[in-house]
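Chains, contacts and geometry: an overview
Here is what each chain is made of, one letter per residue.
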Amino acid sequence: QVQLVESGGGLVQPGGSLRLSCAASGSIFSIYTMGWYRQAPGKQRELVAGIASGGNTNYVSSVKGRFTISRDNAKNTVYLQMNNLKPEDTAVYYCNADIRTRLTGPRNDYWGQGTQVTVSS
């Protein structure tokens, strides 16, 4: 009974900024890696940014220096600050989290519903 709810998408001009949020709720024992994926029409879904529970991060090369992933463990929330947005960033962005729901259970992936980010003049 885990749910990931995303917010913050929208339409922005090139060079603008957006901040995406994803909050996990429900039966949660521990959250490990959290990340953001995106999928543009006709393209495969790709990992944009990931962050481990200890704070280590990784980014796809095309967003390095422009995007910053962070998390608030007390709120079970992951953020993606997107600056200097480009038309090539247009896609549906999906939140992902690796979660253990109980002490004796396995770790499983959960996905948000997706939020549209459109960068256009």
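See the structure shown above.
Cut-offs applied
Residues numbered from 1 in each chain as written. Predicted model: local features only at pLDDT ≥ 70, side-chain atom pairs only at ≥ 80, totals over all residues. Heavy atoms only, no water. Helix = DSSP H or I, 4+ residues; strand = E, 2+ residues; numbered from the N terminus. Polar contact = N/O pair within 3.5 Å; in protein donor to acceptor, adjacent residues only side chain to side chain. Contact = heavy atoms within 4.5 Å. Pairing = 2+ DSSP bridges. Axes fitted to C-alpha atoms, helices over the stretch in contact; angles between N-to-C directions.

Quick look at the side chain of glutamate 6 now. Examined against the element boundaries, glutamate 6 turns out to sit in strand S1 (residues 2-7). Side-chain polar atoms of glutamate 6 contact the backbone nitrogen of glycine 114, separated by 3.3 Å. Those residues in contact with glutamate 6 that sit more than four places away from it in its chain are Ser21, Cys22, Trp36, Tyr93, Tyr94, Cys95, Gly112, Gln113, Gly114 and Thr115.

Moving on: the sheet that holds strand S7 (residues 67-72). Taken in spatial order, the four strands make up an open sheet running S1-S3-S8-S7, and their pairing is antiparallel. Edge strands, defined here as strands with exactly one partner in the open sheet, are S1 and S7. Taking the axes of each pair of neighbouring strands and ignoring which way they run, one obtains an average angle of 15° across the sheet. Bridge count for S7 against strand S8 (residues 77-82) is six bridges, and the pairing is antiparallel.

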